[in-house]
Structure formats: structure tokens, C-alpha cells
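# Coordinates in review
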Amino acid sequence: MTAENLTANLHLLTPEFVLAGFALLVFVLDLLLSDEHKDLLGWLSALGLVGLAVLSVLMLAGENESLYNGLLAVDAYSLFFKVFFCGIGVFIILSSIDYVKKYLNHPGEFYGLLLFSILGMNLMAMSRELLTAYISLELLSFSLYVMVAYALGNPKSNEGSLKYIIIGALSSAILLYGLSMVYSTLGVTRFEAIAEALMEGEVVSPALWAGLALIVAGLGFKLAAVPFHMWAPDAYEGAPLPVTAYLAIASKAAAFALVLRLLAEAFVPAGDRWDQWQIILVVMAALSMLVGNLVALAQRNLKRLMAYSSVGHVGYLLAGTAVLAQDSLLGANGVIFYLVGYSVTSMVVFAALIAFFNATGQDEIPDLAGLADRQPFLAMAIAIGLFSLSGLPIFVGFTIKFYLFTAVANEGYLWLAGLAIFTSLISLYYYLQVIRQMYIQPALAAPAEGDEHRSGEEGIEARPEAEAEEHLHTPAHHEPASDYVPLPRPSPALIAVVGIGLVATIALGVYPAPLLELVESASAAILPGS
Amino acid sequence: MVWAWLIPVLSFAAVPLIILFGKRLPAKGSPLAILAILAGFAIFWVVFAGFLSASPDTEGCEIGVGTEALTCNFKITWFEAGIPGADTSNHDRIEVAWGMTIDPLTIAMLGLATFVALMVQIYSLGYMRDHDGNFDPRLDWYYAFHALFIASMLTLVLADNFLLLYVAWELVGLCSYLLIGFWHERPEPREAAKKAFIVTRIGDVGLLVGILLLWSQVGSFSMTETFAAIENGVLSDGVITVSALLLFLGAMGKSAQFPFHVWLPDAMEGPTPVSALIHAATMVAAGVYLVARAFPLFSASDTAMLVVATIGLITALGAATIALVATDLKRILAYSTISHLGLMMLSLGAFGYTAAVFHLLAHGFAKALLFLGAGSVMHSTDELDVRQMGGLRRVMPVTAILFSIGALSLGGIPILAGFWSKDEILVAVNKELPVIFIVLTLVTALFSALYMARAMFVVFYGRFAEQFEHVHDAPKTMSITMGLLAVFAIVFGLLALDLPGPFKGIGYFIFYHEGHGLVVVAWVMGLSTLLAIAAFIFGYLAYARRSINLDGTRGTFARVLEVAENKYYVDEIYQWTVDRVVLSLSRFIAWVDRALVNDVGINGPGDITRVLGDRLKYHVTGYVYTYALAMALGLIGLAIFWWLVSR
Amino acid sequence: MSWFLFIILAFFTLAGGLGVVVTRNVVHAALFLLVSLVAVAGLYLILFAEFLALVQVLIYGGAIIIVLLFAIMLTRTAEYPYISDNKQWPLAAVAAAAVGVVLGAAFLDNNIPETSPNSPAFADLANSLFTTWAIPFEVASLVLLVALIGAIIIARTGEDNR
Amino acid sequence: MVPLVAFQVLSAALFAIGLYGVMARRSAVLIVMSIELMLNAVNINLIAAASHLDGMGKWANFDGQIIAIFVITVAAAEVGLGMAIILRMYRNRSTVNVDEINLMKW
């Protein structure tokens, strides 16, 4: 390939170049702005991402090109995820502006790294070759390592980051070794070529198989699928709350964007071979559902709870990837749709938790006690978000679960769908514990230390009924009871994020058809066979 | 008829309005909910009239698959997925519609649900006040939940596909959770709400898996298409049986069938009007409705029908014995509900489709009346223990009369509604099932008359309990609604007769395969009438002529024996029966409740999962090298597996 | 001749590696790592990958080992000369051996047609790197930038109090 | 002439040694060193394959060498960032031993 035909359709990569340039611009502006104006950078980054999403749609809609000898794809699939990631980025930035201002140093770098990581995610959705995919993944991972450690003085943040980078580096070594095994048997690392090699009827080289196994293990880390999940709770708990949200939502979605394309282009065409791979994905899916949801039952820290519950959700998503098929888009649709719905809902929950943390500095489940009276809007948002995550109807959580589980059942894995429904039932139980705290437990006057929380339950029973009644249900404009501490209003940005998220949670749950059309065009781009 | 969708939508629309503006509206926005359901009730009559005048030629209408009754379907597509343009039947495509089916079953349920809900909501205006006449501080939430509850139930009834039905089903469960736990300051309602939610959700897992199984075979959620597939023999017998049983699991949870009945008595912790709504028209009716709705599926499997009948009989008999000895007025009514739901299931299992639906309606009116009556008593006296009550008719004459009507109707006294429907059930059971079923059903019928007599005579007749001297009767909002319900409890049964005019009697309206008039089997009708009348006479002698002993239920019967031994030999038999059979049976069932169902069945899985989670969490040790080791082990597993497979 | 070189270099590679994972002195471990890395550079030479050998020595020997030594010095604790393994090391040994056996067996089972070692021209390497692989190359530069910024933010002193 | 498989087995052995180090060592610095060993195993594999597999793939056969360059880049970045995090850890907690770093567990 010469330099001439290389630049021929370089304009298709404009959004990526713009994003990289924009991130560098944020770094530069950081040097020029005074400390009290640094939150402008956040607004600027969010605005830039919105612009970038618009630009991508305008420039790339309808394109279906493969660049650089099949390294990168510019198609409906990558466009869908590009817009999706930009959207997540906007929401994460908006919900972190106050947090960053209050708790973190180096705001400029924070937003710059976030933009770089979004660039990495976009490239992950575009990659059609192992090394390109890997290096994009590392761009995302490195940004996340730094962002997890961003609460510099907090030993937990530090510890989370150390564990994350050690396990991350280990998994990237494993993934790279797999890549080298694939290369040493095929001489190429493009997804297409892997598919061709797998399809060639005769015995497939064991080194290729082992290599692919290593690659799946390495990606399993990124997905936090059992048994590669153990870093997740620690990284989630240690990270600053907006970063936790980012880990839970964006990095997961990006990893699935990559895995979905890898499976669809490299494995699914292989027919019988793919059936053999399905087994392992199904096993990992079942384990993730069980372990994630069961262990979540025993958690007291909200971030940890969300971490384990996200492991459970990864189980559902993996079940969806396991039923990818050449002649049906249901599985791919289900996974993409689930990712969108899960992200929207999680965004609501996390934004509300960030608002709560900004006001109180607390993130244990008992700290939420009485939130329904102290800040009803947040309590309602969290409750709706959790109901949606557990899959109750009306909310998008139900629709996505329904779609995905139907797809799974359709491919004949009825038991897996049953297990998924059953574990959703378990998840409802621990989500209800959180909701119970907000709506039933009384608000505590002072940020309580340790065991005082747990006695709260008995406390209310001993209380004379009338007093309890008044205490719990004084409308906000009445004189608050003496031990009743209303929370300050969340900032407009956070209210906007929560509000938009709530509207989307319900709107997508009630009328998902337009989104599903987009999802379908995206999955048709990676599964053209159907 | 097309406007039927407005019925639930109006109530749905009331929910956010009440939540948002309720605090600023008069009576906390409750008129909004009442107006919504009132309009729904009005629309129901329009729909009903439209349906009566419709024929298979009317747009959207046809002769229903399976039922052979006129069925009208209307739908709009909700979302589609899969390969564009592909056929839904070969699984490349999901098409999900918002649609509604209007057939006689829907009409019947719509009428029952809107009417009872209307009555209950008006009644609540009187009930949800304290003794100074102030509204409950959360009246707005109460009415919002009520509106949501009834809207979900109406959606469930109208749904033309299993998916929408499931959505509504879940919403009904959620609302019952919210309403049962409405007074969440006390621990019992909280626990009761949780229990109701979890128990019914266990059944729901079965329901959803069943729906998915059907979908995976049929390729559509549409009920019409599913039933057509069954009719055409597309589905294998195994699939039919398994999916019917899975659906029945859901119905068992919702309709409180043994062993899932445990949530229902506890659900008495909710406000009494809520109990009336749950027991008469919404939640528990949903299970029976589901079986009736999916009757083409159930009737295609003998196994499923036998299971339905057997579970129904066990539930009916077991709950009836407990109702005989319970001391809490609301709990007597609760067990009575379980028992009657069991009878309905039994009837369905015996191909008594008409009888089951008929009984569902008759029972609904009577039971709503009884609960509202009990609520009235409770509202006035703050007392629920029947042993503390007596002769209340002196201070609450209206309530006493209305409650008695409900009790007599449910007890099966002739001419009243319960008599006709119960008789229909007995006829069906006699015709289709082995003789042991009819014998036990008659025993259940006797018991149900007995406990109704007990509840009625103990509370309202007999010696007046002096501490209630200054108690007042129910306010107008409460007595008028009860009166309206009482009218239905009296005259509704006459629909069983072959009437002149277009309606022709219920047997020609709600039927499976073919309409039929009232079937009279002389000995069955005679015997059941005899048993019911005997039970009430006995109840009068035993409970009304006697003041009530405070030594507890056993003591009650001991005194009964002592006084009556000279006159009625039957008392001794009864005493013996109560001591030896009923008490031990109800003790056994209570033990099953506590030990097996509650500890093993409900708490068991909960405890197991919690303990499992508690143990399992220790695998995340906090040491990063453990994480690495887990990854390595996973890696070895993956590599070995694929290496073996690749050979 | 090439077998002889290979065996010598393989010995040093593995011995250095083993040294890293068994020695009780951290500074020794860093030196063992250096031995192993240089031996790997030698392996690259007998594979005719001169450029990579050069990069290996420069980056690993010149940069990475130095960073590691700096880190060791900056985090010096009294126990460094006596550093031991954690409690699960026997299990770890079994697992690692199993992974090694599985991977080795997979390679031994392979039948790939191969040619004698040959080497591309530098120019071809560069051409390919900056045309076909241009995008990963750009991304890799961003990865380095991110790591750089991150390292500065995280390691800077005087910001512990937040 | 040394066959490809000899290099491959050597790299598998080095990979296993590195993996053992990650799982068995206490000091975070040593764990990072072990990961470097694993990455070197990757590079041996890549470069050996690049020089032995002439024209087998549809691309130029020296792609392995290019991939190895990327691997070295990432390895260097990993060490740099890893050391920074370890330094921060030492400053906050006065230890870099991973068996003393478990504030968060379960």
C-alpha cells in the first residue's frame, strides 16, 4: 500500500482526528485557565462530544468502508457505537463536574483523559484486527488506570488502581500471547482471516485454538466475566464515584462492542466450530449471573453492590453473545439493545448517587436511610433505576431483558433464559434492600458511624406510631423534625442528567421501536450473512 | 368497542397527576382516581353493548379459536425486531404488539374489576380517615397506587398477547407490594408486602419461562396464534403440558393456591379496602383469569387439567378448615378467599369453564361486600378478633344486614348469587372427575357455609359485647357502596337462569366450545342446599344463641357442647369432628404453612441464597495474587477445553 | 552453530526469568531481569531481527530497568533484601506449570509449513509501520501520552491531603 | 537450523515463569517485572514466527516484528504508569507488598 491510496478516504476518520485534537486542546486550555474556572473545561468537553456525535452522523451515515487493508471498519455498527459512546461521555462529564470540582485535583487532565478513553472506545468498535483492537483497548485501559487512582490521597483509590493495573497488565499479556499464537499459525490477525481459517473443514491447529482461548480470557478481564471478574469490585469501590460510573457503563459497553464484532466476524461464520465456542460462553454467562447476583446480596457498600450486580449483567450480555448466529440478528440486537438500556438506567442510578455523595460524602447502603424525605427526587430516581435494573416492566430494564432472554431462549438455551430470570429475581431482592433504606428507614441526623445504622430498624419499631408517621411523611415545605436533615438540591447538570435518564428509562421501556431500528442496522453491519 | 383501551389508560393517566398535583387538590387528588374509574365503568357499558350487538362480520371480530365464542381483537405494533420483512413464525423476527382482546371473558372481568374498584375507591374516602375525620396523610399515594393497581389489572384482562399480560401481571404484583405495605411504619405490613411480592414472583418465574417456551414453539406471543397452533397440532403434547404447568405456576402464585397461599393471609396487614380489591377483583382473580384465558392450552392436556383440579381441591379444602377455626375476622375472610379460589381452579380443572368464571364474579361481589363490611366493623371498633365481638347488629344495623347478605350468598343459600355458581361447580365436578372429588367438594361447600355462618353470627348476633356501646355505624360513603355490592350479591346469580332476550343467560354468554343453559342435577342441588341451610341453622344455634367464650376457639366449642348436648346430638358429632379432624387438619396445614412453606419454601431459598452469597463473597480475598490465580485457572480451563474440542 | 547459540541464549533467558521469580532480593531480581532481556535481544539477532534487538536493548535495558531500579530505590523498605513469596506459591507453581504445558503442547502439536529465517529490509519495515499500521501507531503514541500524564499526576508529591 | 517450534516452546516456558511470578510474589515491583517476562515471551513468539513464516499470510511476513514494536511500547508505558501507582501506594501506605494491600475485599 502506498501513501497515495492511503489518504484517499482518510476523511472517514475525521471524527477520530477531531476527538484526539480536541482532547489535546483541553490539555492546553487547562494550562491557561485559572483554578476557579476549570469546570469550564468540563462543559467544553461535553459540548465537544455533542458536536462530535453530530459530526459523525453527518459525515459517516450510510458509509460502509474498510480502511487500511481491513484494520478499521467505518460502518453502521461503528457509527452507532460512536454516537452511543459520545452520549455516555456527555452524561458522565455532566454528572462529574461538581464532583471533580469538590474532590479531585487536576480537572483539566481528568476531562482530557476521559476524551482519550472515548477515542479508544470508538476505535474498539471500529477495529477489525486484533492488534488495532488491542491497542485501542489499552488507550481506554490506561486512561481508566489513571482515573481510578485520581483520588490521590485516598488509599482505597490507590489500592483499586494498583490491583486494576496489575490484573490489567496480566490480562493484556495473556491477550497478547493469544494474539502471537494466532499470528504464528495464520500469519495474519484480521478477524476475517481467523474466520477463514476456522472454516477450512479439516482439523484446526491447536495453537490457533489455544490462542483464541487466551484472547477470550484476556477480553474476559475487560468484561469482568467470571472467573476474570475479581478486580472489578475493588476497582469500582476504590475509584471516585464518577469513574465508577464510567467503569460500569462505558468500559463495559466498549468491551462488548469489541467482543461482538470479534465474535460476529471471526467466529460466527465458522458454523460448527462456533457451536463449540458457544459452550464456553454459555458456561461463563451462567457463572457470571450466579456469582455476581449472589455475592451482591452480601454487600454493604453501594459501589461494590453495583460492581457485583454489573458482573451479573455481564452474565446476561454474555448469554446474548453466545447466541449470535449467522441467520438471525436477534442475539446481536439483544446485546446492543441491552447495552443501551443498561447504560441509560445505570446512568440514572449513578448520577443520583453522585449527587448524594456530593451532598454527604457517603456511599454505604445504610447512609441512604431516609433519603426519600431528605431529597425525594434522588430517592425516586434511584428507586426507578434499581427497579429498571432488576427488570420490572414499564422501565427499559424489562424491555431489554425481555428481548435478550427471548433471543437466548430462541436459540434453544431455555435453561439459560430460566437461570437469567431467576437471577434477576435475586437481584430484585438486593435492589429492594436499597430502596427499603431510602423509603422506610428514618433519616439519621448525623452521618452515623458504623453500627448506629443497623440499629435503625429496631429504632423505628420502638417509636410511637404517630411520631414515626410525622417524621417520615412531613412534606418538604413543612418544618423539618429536629433530627431531619434535608439535603441541598443537586446541581442543574446532575438534575438534567438524572431527568433525561429517567425519561429515557421510561420512554425506551414503553416505545423502543425507533431505537431498535438503529440497533438492527448496526447489527446487520457485522452480521451481513443474515 | 375500540375504545376499551381507554378504560385502563384513564386510570394510568390518573397516577402521575395524583402524584404530582395531589397535595394541592381537594381530598388529595382522590377524586381524580375515582373519576377515572367511573369513566372506565361507563365505557365498560358502552363496550358491553357494542359487544352484544357485534357479530363475526364486525370489523376485527371473529369466532375465537378454541373458545368458539365471539372474539374481537384490536392491536397496534409496539416493536419489531429481527430480520426486516421476515415471517414471524420461523423465529427470525419478534413482533410485539399492544393489543386487546374483547371476548365474553374479558367483558366479565372488565365489569367486575371496574365495578368493584369503583366501589372500593368510593368506600376508601370514608375508610381512610382517622376518628376525627382527617384523611390519611398519604391519601394521595394511596389513590395513586389504587389507580395503578386497577389500571394494571384492566390491562392484564384486555391483553391479547402473553407478553403484555406478563407486563401487567408484574405491575399488579408491584402494586400489591406497595399497597399491602402501605402502612410501612409497622413491621408486619412490611414483611407481609415483601412476602406477597416474593412468593408471587417465584410463580412469575414459571409464568415467564412458560411464555418463552410457548413463544419458542409458536414464534409469537399472540394468544390467538398460540391457541391456533394448539388447535392445529403444531405443538407436541409434552410442550403443551409443560407450558400449561409453567403458566399454572404463575397462576398458583397470584391466586394463592397451595402451597403458594401463604402470602394471602399475611396480606391482611394492608388497608381493608385494599384487601377487598385484592380478593375480589384484581390480584387473586388474575390467576384464575389466566387459566381461563389459556383454557385452550390447559384443556389440551389431561395432565395439566388434573393438576389444576387437584391443587384446586387441596387448596379449597385446606383453606376451608383453617377458616373454620381462625379468630381474626379478616383472616377468616382471607382463608375463605383461598378456599373459593381453589374451588374455581377445581372447576376449571373439571372443564367447568362457565361455572368457574361465574363463581369468580359471584364470589367477587360477595367477597368485596364482606371485606368492606369487615372494614366497617374494624373502622368503628378497632377490633378484629371475633372472640371479642358479639351482637354488633345493635349498634351497626346497616353493616350487619349487608354483611349477612354477603355471608349468605357466599355460603350458598338458594336464590343468592353464590348458590348458583357453587351449584354449577358441583355439577361440573360431578360430571368430569372421580367420585372422591365431588365428595370432598361437598365437604368444602359445607365448611364454607359453616365458617360464613360463624363469622356472621359471632360478630353480629348473639350477646352484645358491652365495650362497643358507643360504636357508630359506617358513614354514608361506606354503607352506600356496600349496599350496591349487596344488590349484586343477591341478584347476580339469576343470570344463571335461561333468560329471554339477547343475553339468554350466562351459560350462553361465557362458554367454552358451546353455550349451554343451566344444568340441574337434582341430587347435587338438593344436597348442597340442604348442607348450606343446615350449616346456617347450626351456626345460628351454636353462635348466635350463645355468648362467646373468651378461652379461645377450642373453648368455644367446648361450651357449645356443654350447652347443646341435651338437644342436638349433631353437636357432639360436630365437636368430635372439629376436635379430631378439622383441628388436626388445620393444625397440619398451619404446620405446613409455617414449617414447610414458610421456612423451607419461602425463607429457605431466601436463606440459602443469602448464605450462599455470604460464603461466596469470600472468594474475592482482596489479595491481587488470588485474582491472578483465578484468571490462570480459568485460562487453563478454557485452553484445555478447546484443545480437546479441536482434535 | 545456531543451535549452540540458541541453547546458550535460551538458557540465559529462562535462568534470568527464574531468577526474577525466585530470588529473595529485589535488586538482584532487577538484574536477573536484565540478563533475561538481553538474552532475548540475542534471540532476536539469531532470528535476523536486528532492529528489534536494538529496540530491546535500548528500551528494556536502557529505560525500563532503570525505571524499575528507581522505583525500588524510592520505595526502599527494610525488608527488601529478604522479600519472600506469598502463601499460595505452591498452587501458583502448579497452575503456571499447567499453563506452560498446555501452551507448549499446543505448539508441539502444530504443523505449520515454515521457511528458514529471513529478515525484511529496514525500509520495508518502516513503510509498513507508517502505512498499513499507521492508525495503531498513532494510538500507541496516545497510549504513551496518557501513561506519561497519568504518571505525572499520580506520582507528584504534596497532594496527599485530598 | 533451529526450527520455529523451539522458539515457541521457549516462549511458552518464559510465559509460564512470568505467570508464576505474578501469582507468587509479594512485592508489586516484582509482579510488574514478572509481567515484563510474559510480554517478552510474546515478543519471542511474534518475532520467531515473523522470520519463519515467509509469505504465509496475506500480508508482509514481517508484521510480527511490527506487532512486537507495539508490544514493547505498551510494556514501557505499563511500567511507567505502574511504577507511579506503586510509588503513590508507598507514600500512602508505606508498603508495596500486595499481601498487605487489602483494604477492600469481599
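Everything numeric here is computed off the predicted structure, so don't read it as measured data.

Attention now goes to the overall build of chain C. Helix and strand content of chain C: six helices and zero strands. Partitioning the intrachain contacts of chain C with sequence separation of at least 6 by distance along the chain shows that 62% fall at a separation of at least 24. As displayed, chain C offers around 7,700 Å² of accessible surface, 74% of which is attributable to carbon and sulfur atoms.

Looking now at the overall build of chain A. The helix and strand tally for chain A stands at 22 helices and two strands. Partitioning the intrachain contacts of chain A with sequence separation of at least 6 by distance along the chain shows that 79% fall at a separation of at least 24. Accessible surface, chain A: about 14,200 Å² in total, of which carbon and sulfur atoms supply 64%.

On the side of chain D, twelve residues touch chain B, which itself brings eleven residues to the contact. Summing both partners gives a buried area of about 980 Å² for chain B against chain D, and 72% of it is carried by carbon and sulfur. Per-residue buried area on chain B facing chain D is highest for B:Gly622, B:Tyr623 and B:Tyr625; these three make up 40% of the total on that side. At the boundary of chain B and chain D, one finds zero salt bridges. The interface formed by chain B and chain D contains one residue pair in polar contact (both at pLDDT 80 or more). When the residues that make up the side of chain B that touches chain D are grouped by side-chain class, the tally is eight nonpolar, two polar and one charged.

Once that is clear, we can look at helix 2 (residues 30-53) of chain B. Over its 24 residues, helix 2 of chain B extends 35 Å from the first C-alpha to the last, a length consistent with the 34 Å expected when each residue adds 1.5 Å. Where helix 2 of chain B is concerned, the buried positions are B:Ser30, B:Ala33, B:Ile34, B:Ala36, B:Ile37, B:Gly40, B:Phe41, B:Ile43, B:Phe44, B:Val47, B:Phe48 and B:Phe51.

This part covers the nonpolar core. In summary, soluble globular proteins display a tendency toward joint burial of nonpolar side chains. A:Phe85, B:Ile102 and D:Met33 are the most contacted members of the largest nonpolar core, which has 571 residues in total. Residue assignment places this core across two domains, with domain 1 (2-86) and domain 2 (120-162) of chain C each supplying three or more. The next biggest cluster of nonpolar side chains, apart from the first, holds 15 residues, and it includes B:Ala309, B:Leu343, B:Leu346 and B:Phe437.

Attention now goes to the interface of chain D and chain C. Across the contact, 72 residues belong to chain D and 86 residues belong to chain C. Across the chain D to chain C interface the summed buried area is about 7,000 Å²; carbon plus sulfur atoms make up 75%. Three residues, D:Tyr20, D:Arg25 and D:Met33, lead the burial of chain D against chain C; their summed loss comes to 10% of the area buried on that side. Linking chain D with chain C are twelve residue pairs in polar contact (both at pLDDT 80 or more), by the criterion used here. The set of elements that each furnish at least two residues to the side of chain D that touches chain C consists of helix 1 (4-24), helix 2 (28-52) and helix 3 (63-93) of chain D. Looking at the side of chain D that touches chain C, the element that brings in the most residues is helix 3 of chain D, giving 22 residues.

Let's shift gears to the confidence of the model for chain A. Low pLDDT means the predicted coordinates in that region are not meant to be read closely. Residue and element names in this part refer to chain A. Residues with a pLDDT of 70 or more make up 89% of chain A, whose mean pLDDT is 84. Confidence scores differ between elements of chain A, with helix 19 (residues 456-462) showing the lowest mean pLDDT of 37 and helix 6 (residues 130-148) the highest of 94. In this model residues 445-483 is a low-confidence stretch, pLDDT under 50, and it forms 50 contacts with partners more than four residues away in sequence or in other chains.

The pLDDT averaged across chain C works out to 84; a share of 86% of its residues lies at or above 70. Here the complex is predicted with pTM 0.80, and the ipTM for its interfaces comes to 0.87.

All names here are of chain B. Together, Leu17, Ile19, Leu20, Phe21, Leu25 and Trp141 line one region of the surface with nonpolar side chains, adding up to about 510 Å² of accessible area. Counting residues per element, the nonpolar patch draws most heavily on helix 1 (residues 6-21), at four residues. One can find Leu20 in helix 1.

Residue and element names in this part refer to chain A. For the pair helix 8 (residues 191-199) and helix 11 (residues 241-267), the least separation of the axes is 7 Å and the interaxial angle reads 40 degrees. Considered as vectors, helix 8 and helix 11 are oriented oblique to each other. Note on element contacts: helix 11 touches helix 8 through Leu258, Arg261, Leu262, Glu265, Ala266 and Phe267, opposite Phe191, Glu192, Ile194, Ala195 and Leu198. Each residue belonging to the contact of helix 8 with helix 11 can be placed in one class, and the counts come to eight nonpolar, no polar and three charged.

Looking at chain C, the domain boundaries give domain 1 (2-86) and domain 2 (120-162). Each of domain 1 of chain C and domain 2 of chain C has a C-alpha centre, and the two are 23 Å apart.

With that settled, consider the environment of B:Gly412. Residue and element names in this part refer to chain B. Mapped onto the elements of the fold, Gly412 is located in the loop between helix 16 (397-411) and helix 17 (417-432). Exposure remark for Gly412: the relative accessible area of 5% places this residue in the buried category. Separated by 228 residues in sequence, Gly412 and His184 have C-alpha atoms that sit 37 Å apart.

Attention now moves to the environment of B:Lys330. Mapped onto the elements of the fold, B:Lys330 is located in helix 14 (residues 329-349). On a C-alpha basis, the gap between B:Lys330 and B:Leu246 in space is 31 Å, while along the polypeptide they are 84 residues apart.

Turning next to the packing of helix 16 of chain B against helix 19 (residues 476-491) of chain B. The packing of two helices is summarised by the inter-axis angle and the distance between the axes. Residue and element names in this part refer to chain B. Relative to each other, helix 16 and helix 19 sit at 30 degrees, their axes nearing to 10 Å. Put simply, helix 16 runs roughly parallel to helix 19. Along this stretch, helix 16 crosses helix 19, giving a crossing that reads as left-handed. Mapping the contact onto sequence places Val398, Thr399, Leu402, Ile405 and Ser409 in helix 16 and Ser479, Met482, Gly483, Ala486, Ala489 and Ile490 in helix 19. Of the residues contributing to the contact of helix 16 with helix 19, the split by class is seven nonpolar, four polar and no charged.

On to the pattern of salt bridges. The tally for this structure, following the rule as stated, stands at 18 salt bridges over all chains. The salt bridge involving A:Asp30 is made with A:Lys38; its shortest N-O contact spans 3.1 Å. In this structure, B:Asp103 engages B:Arg293 in a salt bridge whose closest nitrogen and oxygen atoms are separated by 2.8 Å. You can see B:Asp103 sitting in the loop between strand 3 (93-102) and helix 3 (104-127) and its partner B:Arg293 sitting in helix 11 (residues 283-293), a full 190 residues away along the chain. Classification of B:Asp103 by relative accessible area gives buried; the value is 3%. Taking relative accessible area as the criterion, B:Arg293 reaches 6% and is therefore assigned buried.

In this structure, A:Pro227 follows A:Val226 across a cis peptide bond, with omega equal to 5 degrees. In this structure, A:Pro227 sits in the loop between helix 9 (206-223) and helix 10 (231-238). Despite not being glycine, B:Phe351 shows a phi value in the positive range, around 65 degrees. Relative to the helices and strands, B:Phe351 resides in the loop between helix 14 and helix 15 (353-381). Overall, the relative accessible area of 37% leaves B:Phe351 in the partly exposed class. For C:Phe48, which is not glycine, the phi dihedral falls at a positive 65 degrees. Along the polypeptide, C:Phe48 turns up in the loop between helix 2 (26-46) and helix 3 (50-74). Residue C:Phe48 is classed as partly exposed on the basis of its relative accessible area, which comes to 39%.

Turning to the side chain of A:Lys163, a few remarks are in order. Structurally, A:Lys163 can be placed in helix 7 (residues 155-186). By relative accessible area, which is 3% here, A:Lys163 ends up buried. Within the structure, the side chain of A:Lys163 is placed 2.9 Å from the side chain of A:Asp234, a separation counted as a polar contact. With residues near it in sequence (within four places) discarded, A:Lys163 still touches A:Asp234, B:Gly622, B:Val624, B:Tyr627, D:Ile101, D:Asn102 and D:Met104.

Calculation notes
Within each chain, residues carry numbers counting from 1 in the order of the written sequence. Just so you know, chain letters begin at A and ligand numbers begin at 1, following the order they were written in. Restriction of local features to residues with pLDDT of at least 70 applies here, the model being predicted, together with a cutoff of 80 or more for giving and counting side-chain atom pairs; totals for whole chains, interfaces and linings are based on all residues. Only hydrogens and water are set aside; all other atoms, that is, all heavy atoms of the structure, feed into the side-chain values. Strands are runs of DSSP state E lasting at least two residues, helices are runs of H or I lasting at least four, and both sets are numbered from the N terminus onward. Here, two residues are considered to be in contact whenever any of their heavy atoms come within 4.5 Å of each other. For every accessible area listed, the method is Shrake-Rupley and the probe measures 1.4 Å; residues are considered covered only by the protein chains on display. Put simply, buried area is the surface a 1.4 Å probe can reach on two separate parts but cannot reach once they are joined, added for both. What counts as a salt bridge is simple: a side-chain nitrogen of Lys or Arg found within 4 Å of a carboxyl oxygen of Asp or Glu. Counted as a polar contact is a pair of N or O atoms within 3.5 Å, where, for protein atoms, one must be capable of donating a hydrogen and the other of accepting one, and residues adjacent in sequence contribute only when both atoms are in side chains. Residue polarity follows a fixed list, in which Ala, Val, Leu, Ile, Met, Phe, Trp, Tyr, Cys and Pro are nonpolar, Asp, Glu, Lys and Arg are charged, and the others, Gly among them, are polar. One less than the number of residues in a helix, times 1.5 Å, gives the span that helix is expected to have. Only protein chains enter the accessibility calculation, which uses a 1.4 Å probe; a residue is then buried when its area is under 20% of its type maximum, exposed when over 50%, and partly exposed in between. Note on terminology: a nonpolar core comprises buried Ala, Val, Leu, Ile, Met, Phe, Trp, Tyr and Cys residues joined through side-chain atoms within 4.5 Å. Domain ranges listed in this record stem from an automatic or a database domain assignment. Scored from 0 to 100, pLDDT reflects the predictor's confidence in each residue. A residue counts toward a patch only above 30% relative accessible area and without a salt bridge, and it is joined to like-charged neighbours within 9 Å or, for Val, Leu, Ile, Met, Phe, Trp and Tyr, to nonpolar neighbours within 5 Å. Here the axes come from fitting lines to C-alpha atoms, over the contacting stretch only for helices, and the angles between their N-to-C directions go from 0 to 180 degrees. For classification purposes, angles smaller than 35 degrees are called roughly parallel, those larger than 145 roughly antiparallel, those between 65 and 115 roughly perpendicular, and all remaining angles oblique. With the far helix as reference, a near helix turned anticlockwise by less than a right angle produces a left-handed crossing, and one turned clockwise produces a right-handed crossing.

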